[in-house]
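Architecture and fold: a report
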Amino acid sequence: MSQNLDTCYFELEFLGMPLLRSLLSVLVTIDRHEWYTPPQIYTRDDSSGLWTAKPAIEPGSMIQYSGTNDIKNGIHGGPVSLCAEETRIEQEHAGSNLELIDGVSSMETNCGHASDEEHPRDESGAGAKKRRLEEDLSTDGIVADCSLQESGEVKLEDATTMENSVSRDYQGATAIATNASFAERVIEPTLVMFEVHVPPSCMLDGVHSQNFFGTGVIIYHSSSLGLVAVDRNTVAVSVSDVILSFAAYPIEIPGEVVFLHPVHNYALVAYNPSALGSVGASAVRAAELLPEPALCRGDSVYLIGLSRSLQATSRKSIVTNPYAALNIGSADCPRYRATNMEVIELDTDFGSTFSGVLTDEQGRVRAIWGSFSTQLKFGCSSSEDHQFIRGIPIDCISQVLEKIITGANGPALLINGVKRPMPRVRILEVELYPTLLSKARSFGLSDNWIQALVKKDPIRRQVLRVKGCLVGSKAENLLEQGDMVLAVNKKPVTSFRDIEDACQILDDGDNDGKLNLTIFRQGREIELMVGTDVRDGNGTSRVINWCGCIVQEPHAAVRALGFLPEEGHGVYVARWCHGSPVHRYGLYALQWIVEVNGKPTPDLDAFVLVTKELEHGQFVRVKTVHLNGKPRVLTLKQDLHYWPTWELRFDPETATWRRETIKALDCSRV
């Protein structure tokens with residue numbers, strides 16, 4: 001393994017169970033980040049009864065790369081810890097049926113309520129995206145196996161000649177589809193297939209699955225930077241292994257998550273164009289975006305995406321509702337959900353698992369046809385994860401893209417060896433929902449305001465109401481549930497976009513970041529100066545593993561529930577591992593650790609200082625507060641031998657995740 005570090009993949013052959021007769025192979029990716037510990041060999045010490053670990057490979061033999069700077073000819077660099085994770089399964093025998101399972105998932109966590117029963121390995125159930133990924137990997141595995149067998153028999157000629165030949169054959173094959181529309185032929189070279197794997201060691205922010213699958217579109221492509229836009233039900237968190245497959249050229253390269261929009265349902269993933277090679281880089285191109293004019297009811301659009309075999313699929317559809325307001329409830333385990341968004345609905349589509357883009361007849365992108373995650377609840381105790389597809393207007397994506405290209409005022413992020421300032425997003429951290437003006441009149445809204453709102457927007461005929469404020473936001477103690485937002489800075493507002501535009505104006509002017517809101521509350525008009533909040537697109541960038549539980553700062557979905565403990569809310573338990581001390585003693589997810597041995601832990605820094613003082617085998621008294629507000633005190637026994645305390649933090653200077661051991665047992669003293 002130590003001699004295979006110059007490639008993104010390496011092939012591993014093994015004998016399949018249960019008869020050990022089927023020779024199978026798997027493509028394994030090198031862990032570019034430090035999401036996992038280096039490989040170790042465990043040996044039982046009969047004198048103590050413990051299993052002691054030693055490095056499987058000497059640290060000096062590991063080849064180090066400089067992040068995304070050394071991607072060349074499909075080779076992805078990065079600090080290589082020589083920890084591999086399985087992302088693709090190749091079946092050498094078509095008759096073999098190998099199910100994709102993660103060997104670590106049996107120890108992974110479940111965000112359900114505390115229970116002594118065995119928890120399922122995949123808490124999301126048999127999700128559609130995961131099933132599609134497994135089927136796709138099996139299909140791709142058979143094809144890839146044929147290519148591997150042929151490569152051993154055919155003598156390769158000059159690499160450049162072969163690359164050009166492959167490019168001509170591939171482009172010729174795609175040109176055979178003469179019945180494809182002009183829009184499909186234009187947009188196909190811009191489409192990208194995503195395979196996303198979330199490491200089980202750091203499933204943050206309530207992410208509900210480890211594997212995701214979807215289609216994105218290239219929105220920027222130059223000699224030094226490529227950017228792909230995709231929905232956040234495909235790229236849910238920044239801690240993700242992303243593999244990109246291009247429709248324009250037969251190659252797979254890794255991608256890096258560089259921006260997660262805190263409100264809207266999209267993410268931006270960067271790739272290095274040099275990894276495509278000269279021919280691939282010329283075949284791939286960016287789509288032309290058309291943010292204006294906005295789509296209207298009755299407009300004709302082309303819905304175009306990729307099948308699992310990377311073939312473009314399209315159909316002509318009619319926009320039935322370009323202003324459909326999202327209303328996604330909170331899941332049992334809080335996770336990202338799109339809020340304050342208007343999406344596009346069509347008369348016909350390809351079902352709830354087909355994502356892609358909406359274009360006009362010239363192939364210009366009007367919207368992303370993206371996947372949204374939701375949860376259907378049956379009664380009080382049962383629920384099931386689902387997804388649906390809607391259109392995300394391209395204008396919100398083009399605005400962020402422009403800031404990235406021209407230079408934003410946010411923190412710098414290393415992308416392909418170049419530090420680029422990334423944009424910050426100013427938002428009003430309030431969840432809103434629309435109410436018809438006819439209903440607002442029943443609540444006592446005056447005729448003057450109803451006429452003003454109808455004049456402002458004769459199509460929507462609605463007013464925005466407050467559903468709730470995010471805890472810790474600047475609007476928390478000012479706005480109340482049920483308030484009607486009539487105007488911002490003396491101008492009537494009727495849509496989410498009106499408030500977003502007002503927030504963006506604050507970035508351009510010299511002000512204190514406050515909006516002058518006209519509110520209708522309990523029959524009275526009130527004017528309030530409400531502060532806005534600024535968020536970046538990095539997502540959660542720090543996590544700590546203590547005694548087998550993963551703790552982090554509470555993410556937006558948790559704060560949207562409206563409760564944070566007064567004792568301190570900086571140490572939120574997001575996950576727990578099977579067989580760990582927290583599992584044995586009942587410290588499960590969905591709660592905050594507010595005290596350890598009587599010492600308060602208001603944030604992660606304080607938590608690290610307290611846990612550093614704890615010794616191996618020591619009994620620890622922990623005070624927690626659940627999401628429902630109920631406090632609890634429990635005792636657990638710390639095990640630093642098998643469950644050391646470690647921290648994982650994103651370093652924007654190197655664009656990598658760094659692991660640091662906070663405290664572990666010295667095996668030499670055991």
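Here we summarise the structure given alongside this text. For clarity, every value in this text was computed on a predicted model and none was experimentally measured.

**Looking at empty space enclosed by the protein**
- For the coordinates displayed, the defined rule picks out 6 cavities of 30 Å³ or more.
- Taken as a whole, the largest cavity spans an internal volume of roughly 210 Å³.
- As for the largest cavity, its lining consists of 19 residues, and the residues nearest its centre are Glu256, Val257, Val258, Leu413 and Phe650.
- If you list the elements that add at least two residues to the lining of the largest cavity, you get β10 (252–260) and β18 (412–415).

**What about the packing of aromatic side chains?**
- A complete count under the given rule lists 9 aromatic pairs for this structure.
- Between Phe259 and Tyr266 the ring centres are 6.4 Å apart and the planes differ by 35°, which places this aromatic pair in the tilted class. Taken individually, Phe259 and Tyr266 each receive the classification buried, so the pair is uniform in this respect.
- In this structure, Arg460 packs its charged tip against the face of Tyr323, placed 4.2 Å from the ring centre.

**Looking at the sheet that holds β10**
- Strand order in the closed barrel formed by 6 strands is β6-β7-β8-β11-β10-β9, with antiparallel pairing between adjacent strands. The average undirected angle you get between the axes of adjacent strands in this sheet is 40°.
- Against the sheet, helix α5 (residues 395–406) touches β7 (211–221), β8 (226–231), β10 and β11 (266–271), its axis set at about 40° to β11.

**Brief notes about the side chain of Ser580**
- Within the element layout of this structure, Ser580 appears in the loop between β30 (572–576) and α10 (581–585).
- Those residues in contact with Ser580 that sit more than four places away from it in its chain are Cys547, Gly548 and Trp643.

**A closer look at a nonpolar patch on the surface**
- Taken together, the side chains of Tyr42, Trp51 and Tyr642 define a hydrophobic patch exposed on the protein surface, amounting to about 320 Å² of accessible area.
- Along the chain, Tyr42 turns up in strand β3 (residues 40–45).
- Residue Tyr42 is classed as partly exposed on the basis of its relative accessible area, which comes to 44%.

**Remarks on the environment of Val301**
- By secondary structure assignment, the location of Val301 is in strand β12 (residues 300–306).
- When its relative accessible area of 1% is taken as the criterion, Val301 is described as buried.
- Separated by 14 residues in the primary sequence, Val301 and Arg315 have C-alpha atoms spaced 8.6 Å apart.
- What Val301 contacts, discounting residues up to four positions off in sequence, is Leu295, Arg315, Lys316, Ser317, Val319, Leu346, Leu358 and Thr359.

**Here's the deal with the nonpolar core**
- Ranked by size, the top nonpolar core spans 58 residues in total, and within it Val217, Ile219, Val258, Leu268, Phe372 and Ile397 carry the most contacts.
- Ranked by residue count, the leading element in this core is α5, at 5 residues.

**As for helix α7 (residues 447–456)**
- Burial in α7 covers these residues: Trp449, Ile450 and Leu453. For α7, the angular spread of buried residues about the axis comes to 100°, placing them on one side. Across from the buried face of α7, at angles greater than 90 degrees, the exposed residues are Asn448, Gln451 and Lys455.
- Contacts made by the buried residues of α7 are with α6 (437–442), β22 (462–469), β23 (484–488), β24 (491–492), β25 (514–521) and β26 (524–531).

**Some remarks on unusual backbone geometry**
- With an omega dihedral of -5°, the bond running from Glu292 to Pro293 counts as a cis peptide bond.
- Mapped onto the secondary structure, Pro293 falls in the loop between α4 (277–283) and β12.
- For Leu310, which is not glycine, the phi dihedral falls at a positive 60°.
- Mapped onto the secondary structure, Leu310 falls in the loop between β12 and β13 (312–325).
- Not every positive phi belongs to a glycine, and Asn489 is a case in point at roughly 55°.
- With respect to the element layout, Asn489 can be found in the loop between β23 and β24.

**Things to note about the side chain of Glu256**
- Structurally, the position occupied by Glu256 is in strand β10.
- Taking the relative accessible area as the measure of exposure, Glu256 reaches 15% and is therefore buried.
- Engagement of the side chain of Glu256 in a polar contact is seen with the side chain of His33, the distance being 3.4 Å.

**Some remarks on the pairing of β3**
- As paired elements, β3 and strand β4 (residues 50–55) share 6 bridges and run antiparallel to each other. Each residue of the ladder has a partner; that of Asp45, found in β4, is Leu50.
- The hairpin formed by β3 and β4 contains 4 residues between the paired strands, and Gly49 there has a positive phi angle of roughly 80°.

**Notes on the environment of Gln387**
- Along the polypeptide, Gln387 turns up in strand β17 (residues 382–393).
- A residue is classified by how much of its surface remains accessible, and Gln387, at 15% relative accessible area, is buried.
- In this structure the side chain of Gln387 is engaged in a polar contact, spanning 3.0 Å, whose partner is the backbone oxygen of Ser352.

**Some thoughts on the pattern of salt bridges**
- Applying the stated criterion across every chain yields a total of 29 salt bridges.
- Where Asp498 meets Lys456, a salt bridge forms, and the shortest distance between an N and an O atom there is 3.0 Å. Linking Asp498 in helix α8 (residues 496–508) with Lys456 in helix α7, this pair joins segments that are 42 residues apart in sequence.
- Connected through salt bridges with shared partners, the residues Glu429, Asp533, Arg535 and Arg559 form a single ionic network.

The rules behind each value
- Residues numbered from 1 in each chain as written.
- Predicted model: local features only at pLDDT ≥ 70, side-chain atom pairs only at ≥ 80, totals over all residues.
- Heavy atoms only, no water.
- 1 Å grid on protein atoms, 1.4 Å probe; cavity = no way out; pocket = protein on both sides within 12 Å on 5 of 7 lines; lining within 4 Å.
- Points joined across faces, edges and corners; volume = space filled by probe spheres on them.
- Helix = DSSP H or I, 4+ residues; strand = E, 2+ residues; numbered from the N terminus.
- Phe/Tyr/Trp six-rings, centres within 6.5 Å; stacked < 30°, edge-to-face > 60°.
- Buried < 20%, exposed > 50% of the residue type's maximum accessible area, 1.4 Å probe, protein only.
- Lys NZ or Arg CZ within 6 Å of the ring centre and 35° of its normal.
- Pairing = 2+ DSSP bridges.
- Axes fitted to C-alpha atoms, helices over the stretch in contact; angles between N-to-C directions.
- Contact = heavy atoms within 4.5 Å.
- Patch = residues over 30% accessible without salt bridge, like charges linked within 9 Å, V, L, I, M, F, W, Y side chains within 5 Å.
- Areas by Shrake-Rupley, 256 points an atom, 1.4 Å probe, with all protein chains shown as cover.
- Salt bridge = Lys/Arg side-chain N within 4 Å of Asp/Glu carboxyl O.
- Core = buried A, V, L, I, M, F, W, Y, C linked by side-chain atoms within 4.5 Å.
- Arc of directions from axis to C-beta.
- Polar contact = N/O pair within 3.5 Å; in protein donor to acceptor, adjacent residues only side chain to side chain.

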